Structure formats: C-alpha cells, structure tokens
Amino acid sequence: LFVEFNYKKIKTQIDFSLNLEQGSLFWEELVKKSLPILIVIENSLISHFQDPILQALSPHKEPVFLLSLPGGEGVKTEENKQKIERFLFEKGFGKNSCLLGVGGGALLDLVGFTASTYARGIFLAFLPTTLLSMVDACLGGKTAINAFNIKNFLGSFYPASKILISLDFLQTLPFSHKKSALAEVIKHGVIFDEELLHFLQKNKALWLKEDPEFLTTMIEKSLMIKKSIVEKDPQEEGLRRILNFGHTMGHAIEAFFSYKISHGEAVSIGMLLEAHISMQMGFLPEKDLSTLYALWKDFGFEKKPWLFTYQDLLPYLLFDKKNTKKVPKFVIVSSLGNVDTCDGAYCTEAKEETMQEAIHWFQKRDL
Ligand SMILES: NC(=O)c1ccc[n+]([C@@H]2O[C@H](COP(=O)([O-])OP(=O)(O)OC[C@H]3O[C@@H](n4cnc5c(N)ncnc54)[C@H](O)[C@@H]3O)[C@@H](O)[C@H]2O)c1
C-alpha cells in the first residue's frame, strides 16, 4: 500500500509493511537511489532494529553509515543538529546524499530539519517508530528543533521523500504511548472524517488487541486525512490550522501539569473542552458532543487525576512562551467530521465565560 503526496515539488511516497524486512519497495527504491546514506537511529532501537535495517540495505553500493542519538523530546537540540551535520561533512556527504531517520516524532523532526539545511537540502527518508509518528508526525513536512527554551522554535517545511510504516516497531512501544497517539487519530476524525470515529467505535476490541490489520487501516486512514489537509495548505496559512483542534487547551493542560500528563491525554481533554466551546458558540450539536465524550470514555481516557480550574489554565492560555500576550484561539467544530471555516481563519477567539463554562462542564462530569 502506498499513498503519494505532492508538496513543494517533493513527492512523498509512503509504504506500509507488517515486517521491516518486507518493506521491499521502500528498500529497493532506496537502494536504487544509490546515494550515500546516513542512518540516524535512536539508541534504544539499535538492539532490535539495526540488523534488519542494515540487512535490507545490504545490496546498496554506496557507503551506509550509522549515527545513534537518544530518543524523545530532549534530542531536538542545536547540538544534535550540529552533531549530524559534522558527521555528514566529515564522511564526505555532499548534495547527493540521503538521511534516513529511524525514531519517534522527536528524532524525525530533528533529522528532517537537518536534511533541509545540509547542502541546502538532501534526500530524506523516514522509518517512524512510534504510533504517533506513524499516524501524524512523519507526514506533512514540518521539521523542528527546540531553541531558546521554546518548543519547535527553529525549523522548516521539508517533507520526507520516502516513508516506511512498519508495525514491527510497535512491538516494543508501551501501550500508554499508543493511547496517546490515538488522541491524534480521534482528532483527525473529529475535524475531517466522522467515518473514522465510527471505525474506531466499531473496532474497540481490535484496538485493545493491537490487531495488525486494524492498526494498518487506522494509520492509513489517519495519514490520508492529514494528506488531504496539508496538501491544500502546506504552510499553515489557513486550513492546516484545523490540525490544532484540541491543542490550545491541550497545551495549557500540559503546561499546568508540568508535562506529567502525556501530550495525547492533554489533547484528548483539550478536544472535549474545545468541542464544548464549539457547542456553546452555537456550532456543534449537543448530541455530537455527547458522542465524542462517549468515545473518549470508551477508549479509556480519564478525567482523574487531571483536576484543574479555569484559573489554573489561564496563565498558560494567555501567555505564550515567546513572552508576548496572546489571545487563545480555537478551531470550531460544526459537526463531527466538519469544522467551521471562521471566514477563512479556521480558528477564532472565545469569550472568557465560554472557556470557563467548558472547563466547569468537564470537571463536573461523573466518571
Ligand atoms: N512534524 C510534525 O508534523 C509533528 C507532528 C506531531 C508531533 N511532532 C513532534 O513529535 C514529537 C513526539 O513524537 P512521539 O510521540 O513519537 O514521541 P518521541 O519521539 O518523543 O518518543 C517518545 C519515546 O518513545 C521512544 N521510542 C521511540 N520508538 C520506540 C519504539 N519503537 N519502542 C519503544 N520506545 C520507542 C523514544 O525513545 C522516546 O523515549 C514531539 O516533539 C512533537 O513536537 C511533530
């Protein structure tokens, strides 16, 4: 299975395979490219995955190098970008070379950014290894590192040309990480495709069993939605903002709980709050909010122990990390699977009482 995604003259091709070794089209084409390759892989993945990757690349004529880095948010630094660049330079990599990122969304963001600036852009390929990076982060061309204490402050738009989604990687991933990624899948359903929500609801048992066929279809559906959105608005001038649904409240919740809550869980709560705001503003029917709430509960998202008030979130809603006052804006859902365009802005401000009422509603619900 593959989808083709054209953007900024770079065509992203995504292959799916149950086993790493069977991603033959991906490997064949990478080998055919005959470019020197630097694989940047997370330390913790080496023991399980280095050998099959090197095996798959063994017919490759050009040299293949490997550089390992830690995984997780801490990897997105200028130092690590320089480390990759220095490695590339010292090994004689020029314009015609390839960077292959093997890791979660954080490592892919770093590798993508490095590929976009090294020799003004080199061939980029991804093996996403977390569910979140499979359903979301690998596609769309946003690359970034954190700098000056600000998340994703330095970055570029630079899509990977080739992506291989292999469920092999998920075997070592804790279920809690998978659940966190599910929040982003639900988000894709809420903003773009109600059918995806029905698909999840219908197949909850397969989700709990981590059924490979179910996961493949879920990842595919999620990527197709992201593709439809980012193709229309690659640089987030309008429509792409809808991917931020649930994130205004979600980021404030993450910050209030000092990042002890996972990003996905925070976004899952953020979605409910922003859906409630959409309802209060007269867009979302109450029955759709109830459906979303039921799905949220069904898939094991919980209110406890995340208790907070509007006053708790306010500083994080009003004050962004760039030290400028900001007015929180929300993506408005008009029905499950549809957003309001807000006159082309795809987000809008909400009154203080509206935000307050949404939080009050969420906190008073019995679970
Ligand atoms: N570029 C985009 O469009 C985009 C979209 C969404 C998120 N992101 C970025 O992605 C990052 C979050 O990505 P993430 O959720 O994948 O988390 P992550 O990359 O931070 O990884 C989470 C943890 O999982 C570990 N890990 C990776 N693969 C594993 C595996 N197969 N088995 C076991 N452990 C594994 C990592 O080492 C790390 O400790 C954030 O930095 C976010 O900004 C980018």
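In what follows, the structure referred to is the one given above.
Residues numbered from 1 in each chain as written. Predicted model: local features only at pLDDT ≥ 70, side-chain atom pairs only at ≥ 80, totals over all residues. Heavy atoms only, no water.

Peer 1: Would you mind going over the overall build of the protein chain with me for this structure?
Peer 2: When helices and strands are tallied, the protein chain shows 14 helices and 13 strands. Its C-alpha atoms give the protein chain a radius of gyration of 21 Å, within 12% of the compact-globule value 21 Å for 367 residues. Counting only C-alpha atoms and orienting by the principal axes, one finds that the protein chain spans roughly 65 × 45 × 35 Å. Residues classed as buried in the protein chain amount to 55% of the 367 residues present. For the protein chain, restricting intrachain contacts to residue pairs at least 6 apart in sequence, the fraction spanning at least 24 positions comes to 75%. With an accessible surface of roughly 16100 Å², the protein chain has 52% of that area assigned to carbon and sulfur atoms. The positive charge centre, built from 41 side chains, and the negative charge centre, built from 44, are 3 Å apart in the protein chain. (Helix = DSSP H or I, 4+ residues; strand = E, 2+ residues; numbered from the N terminus. Rg over C-alpha atoms; globule rule 2.2 N^0.38 Å. Buried < 20%, exposed > 50% of the residue type's maximum accessible area, 1.4 Å probe, protein only. Contact = heavy atoms within 4.5 Å. Areas by Shrake-Rupley, 256 points an atom, 1.4 Å probe, with all protein chains shown as cover. Lys, Arg positive; Asp, Glu negative; His and termini not counted. Charge placed at Lys NZ, Arg CZ, Asp CG, Glu CD.)

Peer 1: Honestly, the pattern of salt bridges in this entry has me stumped. Any pointers?
Peer 2: Two side chains bearing opposite charge may form a pair once their charged atoms approach each other closely. Following the criterion strictly, the structure yields 13 salt bridges and no others. K226 is paired through a salt bridge with D136; the nearest N and O atoms lie 2.7 Å apart. Residue K226 is found in helix α9 (residues 212-232), and its partner D136 is found in helix α5 (residues 131-137); the two are separated by 90 residues along the sequence. Among the residues examined, K226 registers a relative accessible area of 6% and is labelled buried. Assessed through its relative accessible area of 12%, D136 is described here as buried. The partner of K187 in a salt bridge is E184, and the shortest N-O contact between them spans 2.9 Å. Separated by three residues within a single helix, K187 and E184 lie in helix α6 (residues 175-192), roughly one turn from each other. (Salt bridge = Lys/Arg side-chain N within 4 Å of Asp/Glu carboxyl O.)

Peer 1: Help me understand helix α10 (residues 247-256), please; the structure alone is not making it clear to me.
Peer 2: Think of an α-helix as 3.6 residues a turn; residues three or four steps apart then line up on the same face. Within α10, seven of the ten residues are buried, which leaves it mostly tucked inside the rest of the structure. Along α10, the residues classified as buried are H247, M249, G250, A252, I253, E254 and A255. Contacts made by the buried residues of α10 are with α6, α11 (263-280), α13 (310-318), β10 (329-330) and α14 (352-364). Downstream of α10 by a residue or two, S258 has a phi angle that is positive, lying close to 50 degrees.

Peer 1: Sorry if this is basic, but what is going on with the site of the ligand here?
Peer 2: Lining the immediate surroundings of the ligand are 23 residues, of which E42, E73, T129, T130 and T172 lie closest. Note that a nitrogen atom of the ligand is positioned 2.9 Å from one of the backbone N or O atoms of K142. Notes on the ligand: free accessible area 860 Å², of which the protein chains cover 79%. Those elements that provide at least two residues to the shell around the ligand are α4 (105-117), α5 and β8 (150-157). When grouped by side-chain class, the residues that make up the shell around the ligand number six nonpolar, nine polar and eight charged. (Near = heavy atom within 4 Å. Polar contact = N/O pair within 3.5 Å; in protein donor to acceptor, adjacent residues only side chain to side chain. Nonpolar A, V, L, I, M, F, W, Y, C, P; charged D, E, K, R; others polar.)

Peer 1: Before we go on, may I ask you to explain the packing of aromatic side chains in this structure?
Peer 2: The geometry of an aromatic ring pair comes down to the distance between the two centres and the angle between the two planes. A full pass over the atoms with the stated rule returns 15 aromatic pairs. Ring plane angle 15 degrees and centroid distance 5.2 Å describe the contact between F199 and F214, whose orientation is recorded as stacked. With a gap of 15 residues between them, F199 in helix α7 (residues 194-202) and F214 in helix α9 connect regions that are remote in the sequence. Across this residue pair, the class does not change: F199 and F214 are buried. Taken together, a centroid distance of 5.9 Å and an interplanar angle of 65 degrees make the contact between Y293 and W361 edge-to-face. Placement of Y293 in helix α12 (residues 286-298) and of W361 in helix α14 is noted, with a sequence separation of 68 residues between them. (Phe/Tyr/Trp six-rings, centres within 6.5 Å; stacked < 30°, edge-to-face > 60°.)

Peer 1: Can you help me understand the environment of E220 in this one?
Peer 2: Locating E220 in the fold gives a position in helix α9. According to the relative accessible area criterion, E220 is partly exposed, its value standing at 25%. In the structure, E220 is positioned 151 residues away from L69 in sequence and 28 Å away in space, judged by C-alpha atoms.

Peer 1: In this structure, what is going on with the state of the cysteines? I would like to understand it.
Peer 2: Linking two cysteines covalently via their sulfur atoms produces the bond known as a disulfide. All told, the structure shown has zero disulfides when counted by the stated rule. Counting only cysteine sulfurs, C138 is the nearest neighbor of C98, a cysteine outside any disulfide, at a range of 15 Å. Free cysteine: C347, not disulfide-bonded; nearest cysteine sulfur from C342 at 6.7 Å. The class of C347 is buried, set by a relative accessible area of 17%. (Disulfide = S-S within 2.5 Å.)

Peer 1: Sorry, what's going on with the environment of S268 here?
Peer 2: Looking at the secondary structure, you find S268 in helix α11. The class for S268 is buried, based on a relative accessible area of 1%. As for S268 and L289, which are separated by 21 residues in sequence, their C-alpha atoms are 13 Å apart. Polar contacts involving the side chain of S268 include one to the main-chain carbonyl oxygen of E265, which spans 2.7 Å.

Peer 1: Please explain α6 as it appears in this structure.
Peer 2: Helix length check: α6, at 18 residues, gives a terminal C-alpha distance of 26 Å against a target of 26 Å (1.5 Å per residue), a fit within 8%. Among the 18 residues of α6, 14 are classified as buried, and the element is accordingly described as predominantly covered. (Expected span 1.5 Å × (residues − 1).)

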